[in-house]
Amino acid sequence: MKKKTKFYIALSLVLAAAALVIPGRKDTPEIPESAVTAAGSPSERISYFASHGWEVEELFSRSVTIPADFSAVYEDYALLQDKQGMPLREYAGEEAQLYVYEVKNYSPESRKMLAELLVCDNTAVASMVYSEDGGSLRMTVS
């Protein structure tokens, strides 16, 4: 496995495990109703990002298991998904595919940005955009 691919895999694991600091977080966040977004094919996944204004190019994908019980760190990640109406919680304990992309049309302060899409049963269940430097900049896709 190439050194760069190992880096991206490690980065994805760190980001999924790292606590997401969400400014303005409320004790009882409003959770939008989950929308079903087809993501079984490459074109559906690219279209998902494009529908939110992101131009992306796939870097890699790998199989993951969504935890059945969310740690405090993963709960912060789930709250980010709740804010954008992604159904991550509905797929707790399920096998999924994580797709990681390079963002081509956004580079704040010359930072390389990555996007990820978590897909379970051909449905997008979680997504985010973050800086390659370890995620010092994180945001929702929508």
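Residues numbered from 1 in each chain as written. Predicted model: local features only at pLDDT ≥ 70, side-chain atom pairs only at ≥ 80, totals over all residues. Heavy atoms only, no water.

A few points about the overall build of the chain
Helix and strand content of the chain: three helices and five strands. What you see in the chain, going N to C, is helices and strands ordered as α-α-β-α-β-β-β-β. Counting across all 142 residues of the chain, residues that qualify as buried make up 42%. Once local pairs closer than 6 in sequence are excluded, the contacts in the chain between residues at least 24 apart make up 68%. Total accessible area computed for the chain in this model is approximately 7500 Å², and 52% of it derives from carbon and sulfur atoms. (Helix = DSSP H or I, 4+ residues; strand = E, 2+ residues; numbered from the N terminus. Buried < 20%, exposed > 50% of the residue type's maximum accessible area, 1.4 Å probe, protein only. Contact = heavy atoms within 4.5 Å. Areas by Shrake-Rupley, 256 points an atom, 1.4 Å probe, with all protein chains shown as cover.)

Some thoughts on the packing of aromatic side chains
Two measures describe an aromatic ring pair: the distance that separates the ring centres and the angle between the ring planes. A complete count under the given rule lists five aromatic pairs for this structure. An aromatic cluster is present here, built from Tyr-48, Phe-49 and Tyr-101 joined pairwise through their rings. (Phe/Tyr/Trp six-rings, centres within 6.5 Å; stacked < 30°, edge-to-face > 60°.)

Observations concerning the sheet that holds strand E2 (residues 95-103)
With respect to topology, five strands assemble into an open sheet ordered E1-E2-E3-E4-E5, the strand pairing being antiparallel. At either end of the open sheet lies a strand with only one pairing partner, and these are strand E1 (56-65) and strand E5 (138-139). For strand E3 (residues 113-120) and strand E4 (residues 123-131), the ladder comprises eight bridges, and the chain directions are antiparallel. Of the residues in E4, the one forming a bridge with Cys-120 is Thr-123. Contacts from helix H2 (residues 42-50) reach E1, E2, E3 and E4, with the element oriented near 125° to E3. Of the strands in this sheet, E3 and E4 touch helix H3 (residues 72-83), which is tilted by about 105° from E4. (Pairing = 2+ DSSP bridges. Axes fitted to C-alpha atoms, helices over the stretch in contact; angles between N-to-C directions.)

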